[in-house]
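Structural characterization, general
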Amino acid sequence: MSESFKAILVSRDENKVQKVEEVELTDSDLMEGDVTVAVEATTVNYKDGLAITGKAPVVRKWPLIPGIDFAGTVTSSSHPDWKEGDKVILNGWGVGETHHGAYAGRARVNGDWLVKQPDGISARNAMAVGTAGYTAMLCVMALERHGIVPARGPVVVTGAAGGVGSVAIAILAKLGYQIVASTGRTSESAYLKSLGASDIIDREELSQPAKALNKERWAGGIDSVGSHTLANVLSMTSYGGAVSACGLAGGMDLPTSVAPFILRGVSLLGIDSVMAPREIREEAWRRISTDLDTGKLAELSTTISFSGIQEAARDIVEGKIRGRVVVEM
Ligand SMILES: NC(=O)c1ccc[n+]([C@@H]2O[C@H](COP(=O)([O-])OP(=O)(O)OC[C@H]3O[C@@H](n4cnc5c(N)ncnc54)[C@H](OP(=O)(O)O)[C@@H]3O)[C@@H](O)[C@H]2O)c1
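Residues numbered from 1 in each chain as written. Predicted model: local features only at pLDDT ≥ 70, side-chain atom pairs only at ≥ 80, totals over all residues. Heavy atoms only, no water.

**Things to note about the environment of serine 194**
Note the following rule: Helix and strand labels come from DSSP, where a helix needs a run of H or I of at least four residues and a strand needs a run of E of at least two; each type is numbered from the N terminus. Each residue gets one of three labels from its accessible area relative to the maximum for its type: buried under 20%, exposed over 50%, partly exposed in between, using a 1.4 Å probe on protein chains only. Contacts are assigned to residue pairs with any non-hydrogen atoms lying within 4.5 Å of each other. Two N or O atoms count as a polar contact when they lie within 3.5 Å, although within protein this holds only if one can serve as hydrogen donor and the other as acceptor, and sequence-adjacent residues are included solely when both atoms are side-chain atoms.
Along the chain, serine 194 falls in helix 4 (residues 189-195). Accessibility expressed as a relative area gives 32% for serine 194, which makes it partly exposed. Separated by 105 residues in sequence, serine 194 and glutamate 299 place their C-alpha atoms 8.8 Å apart. When sequence neighbours within four positions are dropped, the list of residues in contact with serine 194 reads Lys296 and Glu299. Within the structure, serine 194 has its side chain in polar contact with the side chain of glutamate 299 (distance 2.3 Å).

**Quick look at a nonpolar patch on the surface**
For clarity, the cut-off: Patch membership requires more than 30% relative accessible area and the absence of a salt bridge. Residues of like charge join within 9 Å; the nonpolar side chains Val, Leu, Ile, Met, Phe, Trp and Tyr join within 5 Å. Method for areas: the Shrake-Rupley scheme with a 1.4 Å probe, in which residue coverage is limited to the protein chains shown. We count a salt bridge whenever a side-chain nitrogen from Lys or Arg sits within 4 Å of a carboxyl oxygen from Asp or Glu.
Residues Val258, Ile262 and Leu263 make up a contiguous nonpolar surface patch of roughly 320 Å² in combined accessible area. With respect to the element layout, leucine 263 can be found in helix 6 (residues 259-264).

**Let's talk about the side chain of serine 301**
One can find serine 301 in strand 14 (residues 301-305). In this structure serine 301 comes out as buried when scored by relative accessible area, which is 8%. Contact partners of serine 301, with chain neighbours within four places excluded, come to Arg124, Ala128, Arg324 and Val326.

**Remarks on the sheet that holds strand 9 (residues 179-183)**
The condition is simple: Paired strands, as defined in this entry, are two strands with at least two bridges between them according to DSSP. Structural elements are reduced to axes, namely lines fitted to C-alpha atoms, with helices fitted over the stretch in contact, and the angle between N-to-C directions of any two is expressed from 0 to 180 degrees.
The strand order across the open sheet formed by six strands is 10-9-8-11-12-13, and the pairing between neighbours is parallel. At either end of the open sheet lies a strand with only one pairing partner, and these are strand 10 (199-202) and strand 13 (267-270). Averaged over all neighbouring strand pairs, the angle between strand axes comes to 20 degrees, with direction disregarded. Note that strand 12 (residues 237-245) and strand 13 share four bridges and pair parallel. Note on strand 13: the bridge partner recorded for alanine 245 is glycine 270. Relative to the sheet, helix 5 (residues 227-235) contacts strand 8 (155-157), strand 11 (218-223), strand 12 and strand 13, its axis offset from that of strand 12 by approximately 150 degrees.

**Here we look at the pairing of strand 10**
Convention followed: A right-handed crossover is one whose linking path, passing over the helix from the first strand to the second, runs clockwise when the strands point away from the viewer.
Looking at chain direction, strand 9 and strand 10 are connected through four bridges and run parallel. Following the sheet pairing, threonine 183 is matched in strand 10 by aspartate 202. Of the crossover connections in this fold, the one passing from strand 9 over helix 4 to the parallel strand 10 is right-handed.

**Looking at the domain arrangement of the protein chain**
Which entries qualify depends on this criterion: Domain borders in the structure are assigned automatically or taken from a domain database. When two parts are put together, the accessible area they lose, computed with a 1.4 Å probe and summed over both, is reported as buried area. The residue classification treats Ala, Val, Leu, Ile, Met, Phe, Trp, Tyr, Cys and Pro as nonpolar and Asp, Glu, Lys and Arg as charged. All others, Gly included, are polar.
The domain architecture assigned to the protein chain consists of domain 1 (5-117 + 300-328) and domain 2 (130-270). Averaged C-alpha coordinates put domain 1 and domain 2 at centres separated by 29 Å. Of the residues lining the interface, 13 residues belong to domain 1; the matching set on domain 2 comes to 16 residues. Buried surface at the junction of domain 1 and domain 2, summed over both partners, amounts to about 1000 Å²; 58% is from carbon and sulfur atoms. A per-residue breakdown of the area domain 1 buries against domain 2 is headed by Leu300, Arg322 and Arg324, which together make up 48% of the total. Across the domain 1-domain 2 interface, the total number found is one salt bridge. Seen at the junction of domain 1 and domain 2, the total is six residue pairs in polar contact (both at pLDDT 80 or more). Of the residues belonging to the side of domain 1 that touches domain 2, the class tally is four nonpolar, five polar and four charged.

**Observations regarding the packing of aromatic side chains**
As a reminder, the rule being used: Pairing of aromatic rings covers Phe, Tyr and Trp, the last through its six-membered ring, and needs centres within 6.5 Å; plane angles under 30 degrees mean stacked, over 60 mean edge-to-face, and all others mean tilted. Either the NZ atom of lysine or the CZ atom of arginine qualifies as a charge over a ring when it sits within 6 Å of the ring centre and within 35 degrees of the ring normal.
In total, this model carries one aromatic pair according to the counting rule given. Taken together, a centroid distance of 6.3 Å and an interplanar angle of 15 degrees make the contact between tyrosine 134 and tryptophan 285 stacked. Of this pair, tyrosine 134 sits in helix 2 (residues 123-145) while tryptophan 285 sits in helix 7 (residues 278-291); the two residues are 151 residues apart in sequence, bridging distant segments of the chain. Judged on exposure class, the residue tyrosine 134 and its partner tryptophan 285 are both buried. Taking the ring centre of tryptophan 62 as reference, the NZ or CZ of arginine 12 above it sits at 3.9 Å.

**Re the site of the ligand**
What counts is decided by this rule: For this description, a residue counts as near a given molecule or strand if any of its non-hydrogen atoms is within 4 Å of it.
Lining the immediate surroundings of the ligand are 24 residues, of which Val164, Thr183, Gly184, Arg185 and Ser273 lie closest. In the environment of the ligand, an oxygen atom lies 3.4 Å from a nitrogen or oxygen atom belonging to the backbone of glycine 162. Isoleucine 271 is positioned with one of its backbone polar atoms (N or O) 2.9 Å from a nitrogen atom of the ligand. Surface burial for the ligand is 86%, taken as the share of its 920 Å² of free accessible area covered by protein chains. When contributions to the shell around the ligand are tallied by element, the ones reaching two or more residues are helix 2 and helix 3 (163-174).

Pasting the structure below:
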């Protein structure tokens with residue numbers, strides 16, 4: 001019998017009422033996979049908050065260990081790419097949704113889902129980045145592919161004080177962009193400026209129903225909010241600009257018109273981190289290791305222990321978490 005480890009388990013009763021508890025499990029409780037990893041660090045993303053509070057149908061198999069990302073060391077593998085002792089990162093692929101996730105001492109997954117921890121990035125720092133930060137990098141890469149270079153003009157980042165927003169600002173600043181940060185927490189202006197934002201706007205400016213077109217204010221955008229906010233960002237994007245859309249913290253809808261697309265040639269770039277192919281993930285993590293300042297990463301992240309996960313999950317869905325939360329196991 002293998003050693004037991006602590007895990008968080010989400011289950012449902014016959015009336016579909018969700019229960020979350022801390023339990024002791026062993027390797028035999030884990031799901032199928034060809035690589036077992038000792039989880040060293042994980043994190044609390046917005047999606048993990050939804051999973052633990054049950055506010056959205058993230059968990060789709062019960063009982064389930066939540067947690068969509070982790071960094072750790074391979075303890076056993078029958079996958080050709082991985083061997084005992086390898087340092088790995090996992091983001092997404094349905095882990096923490098339909099496959100047992102990160103909130104446990106060990107995880108067993110499909111080796112195709114893993115990427116190598118880049119040299120110089122510890123497990124802790126990989127999770128300070130986490131899925132939110134890796135998604136921020138995917139958003140930046142999409143803008144670059146669309147030709148949105150710093151010389152084109154400012155880039156707006158919405159949900160700026162959140163996880164995706166904070167990492168996006170730190171990356172864009174290192175790459176030399178001028179950044180407009182939109183936040184509901186203007187009390188965090190000093191924090192956002194220290195990450196590299198040059199202008200702070202109150203998110204109220206972007207939260208009312210959008211005009212078809214508005215004054216051109218930025219060449220690009222990274223939006224983790226959706227709804228009216230994304231519609232306003234699009235209506236204020238300058239000719240030929242582009243907006244990476246990755247989130248729904250403000251709503252799933254998109255009340256916009258075709259005007260920004262057909263009259264200004266603006267592009268809306270959809271970003272999905274969960275099923276992104278391995279080459280794109282590896283490129284994103286390589287770029288994170290070169291284009292994200294570790295001093296800023298330390299500033300935007302706080303560390304909690306395993307016992308703090310449930311509280312952090314409740315806080316993140318209420319918009320109370322600043323930057324990123326790392327869970328050291
Ligand atoms: N597409 C993907 O693969 C992918 C990957 C990662 C995350 N996401 C999504 O991206 C979003 C952000 O994730 P996260 O981990 O960064 O979450 P987070 O840390 O909670 O950040 C979200 C931020 O959005 C702002 N916000 C919250 N509620 C709002 C509202 N009602 N109206 C306007 N702004 C609001 C807040 O920023 P301020 O306080 O600064 O206003 C909040 O900090 C989530 O929807 C998440 O599901 C998607």
